[in-house]
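# Breakdown of the fold
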Amino acid sequence: MRWFWIDRFLEFEPGKRAVSVKNISLAEEHLHDHWDGCPIMPASLMIEGMAQTGGLLVGQANNFEHDVVLAKITKAEFNGLAIPGDQLTYEAVIENIAPEAASIRGVVRKNGEEFGHIDIMFSHANNSISGVELPERFVFTGSLHRMVEPFLEAKDA
Amino acid sequence: MAMSEQDVLEKVTETLVEALGVDDDEVTPEATLTGDLGAESIDFLDIVFRLEKTFDIKIPRGELFPDNILNNPEFVQNGKLTDAGLTQLKERMPHADFSEFEQDPDINKMAELFKVQTIVNYVMTKVNG
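Presented here is a report on the structure given in the accompanying data block. (Residues numbered from 1 in each chain as written. Chains lettered and ligands numbered in written order. Predicted model: local features only at pLDDT ≥ 70, side-chain atom pairs only at ≥ 80, totals over all residues. Heavy atoms only, no water.)

## Thoughts on the side chain of threonine 32 of chain B
Residues and elements named next belong to chain B. Test applied: In DSSP terms, a helix is any run of H or I states spanning at least four residues, a strand is any run of E spanning at least two, and both are numbered starting from the N terminus. Exposure is judged per residue with a 1.4 Å probe applied to protein chains only, and the accessible area is read against the type maximum: over 50% gives exposed, under 20% gives buried, and values in between give partly exposed. Polar contact criterion, stated in full: a pair of N or O atoms within 3.5 Å, where within protein one must be able to donate a hydrogen and the other to accept it, and residues adjacent in sequence count only if both atoms are side-chain atoms. Pairs of residues are marked as contacts when any of their non-hydrogen atoms sit within 4.5 Å.
Its place among the elements puts threonine 32 in the loop between α1 (5–20) and α2 (41–55). Taking the relative accessible area as the measure of exposure, threonine 32 reaches 11% and is therefore buried. Separated by 3.4 Å, the side chain of threonine 32 and the backbone nitrogen of glycine 35 make a polar contact. Excluding its chain neighbours within four sequence positions, the residues that come into contact with threonine 32 are Leu37, Glu112, Phe114 and Lys115.

What follows is the structure, given as structure tokens:
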């Protein structure tokens, strides 16, 4: 399994907001353990989906000069369950951005209807973790980076 | 229009309830952010972000919660702030009450300077000039 919890971006406004989509499929292994006979998308993975959406938005705002890591889940509320066949969209809006960290507000929609709210704070890894040897890049590797490239190329054109 | 201390306390309380997930009756003026309200390092930045928005003020980094004190050997020796360190901290935190801390400026007790009232004092200087 690859650690992608969004399928692609639908909208990407650099430095402001982004919307991604996640189609939940019964082919996903984890749904057979969560739970056997009653597959439900785990809330933790919807939070990860929002973190990937918001994290790329924040990372791009700094030209990917810093890796960003999830530092705090300020809010995570869901109205009901998401199951195979549902389509989720994650809308992340940058609320604050500073040299050391950033925060986003997120809205989750299920099949077009508002379904949850997830607010997240991100930390810039190289600024915030002292005394820990970090690889030069461990978040914005090629595959994640490529998800936003079409939007940035369109803007540059 | 000038804000009263009570108005500021109410809004600071709302901010801390949202940022730290605590109940509003836990947020008393004497409550310490880390000891009583369970704040961690990232929460301090979250609080700064929220205060800026709530009160429509700018909070330069290091002004409300000073940094670059503990990593300066001139200011810290044997786990305590030196006289120079204490003087520096007092200059940078005129909004904090040092009466207890200066009796024993152990750096492990520095977090006790960060009380709800410390934030209220700071915000009062910002909103009322």
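Structure's up, so let's keep going.
## Topic: empty space enclosed by the protein
Formally: Using protein atoms alone on a 1 Å grid, points that fit a 1.4 Å probe yet trap it form a cavity, whereas open point sets bounded by protein on both sides within 12 Å along at least five of seven lines form a pocket; residues with an atom within 4 Å of a point count as lining. Grid points are joined across faces, edges and corners, and a volume is the space filled by probe spheres set on the points.
Evaluated as defined, the whole model comprises 1 cavity of 30 Å³ or more. Estimated volume of the largest cavity: approximately 70 Å³. Thr74, Glu95, Asn96, Ser103, Ile104, Arg105, Asp119, Ile120 and Met121 of chain A together with Asp46, Phe49 and Arg50 of chain B together form the lining of the largest cavity. For the lining of the largest cavity, the secondary-structure elements that each account for two or more residues are β4 (87–97), β5 (101–110) and β6 (113–124) of chain A together with α2 of chain B.

## Details of α2 of chain B
Heads up, the rule is: To estimate the expected span of a helix, subtract one from its residue number and multiply by 1.5 Å.
Between the first and last C-alpha of α2 of chain B there are 22 Å, a value that for 15 residues agrees with the 21 Å anticipated at 1.5 Å per step. Of all the 15 residues making up α2 of chain B, 12 are buried; the element is thus mostly covered by neighbouring parts of the structure. Turning to α2 of chain B, its buried residues are Ile42, Asp43, Phe44, Leu45, Asp46, Ile47, Val48, Phe49, Arg50, Leu51, Glu52 and Phe55 of chain B. Where α2 of chain B is buried, its residues meet β3 (68–78), β4, β5 and β6 of chain A together with α1 and α4 (116–127) of chain B.

## Structural notes on the pattern of salt bridges
The line we're drawing: By salt bridge we mean one thing: a side-chain nitrogen of Lys or Arg within 4 Å of a carboxyl oxygen of Asp or Glu.
Taken as a whole and assessed by the stated rule, the structure comprises 19 salt bridges over all chains. A salt bridge links lysine 115 of chain B to glutamate 30 of chain B; the nearest nitrogen and oxygen atoms lie 3.0 Å apart. With lysine 115 of chain B in the loop between α3 (83–92) and α4 and glutamate 30 of chain B in the loop between α1 and α2, the pair connects residues that are 85 residues apart, well separated along the chain. A residue is classified by how much of its surface remains accessible, and lysine 115 of chain B, at 17% relative accessible area, is buried. Shared partners join several salt bridges into a network, and the residues in it are Glu11, Glu13, Arg17, Glu91 and Arg109 of chain A.

## Things to note about unusual backbone geometry
Looking along the chain, the bond that leaves histidine 34 of chain A and enters tryptophan 35 of chain A is cis, with omega of 5 degrees. For tryptophan 35 of chain A, the position within the fold is in the loop between β2 (17–23) and α1 (43–61). Positive phi, close to 55 degrees, is recorded for asparagine 63 of chain A, a residue that is not glycine. Structurally, asparagine 63 of chain A can be placed in the loop between α1 and β3. Positive phi outside glycine occurs at asparagine 68 of chain B, with the angle close to 60 degrees. For asparagine 68 of chain B, the location among the structural elements is in the loop between α2 and β1 (76–77).

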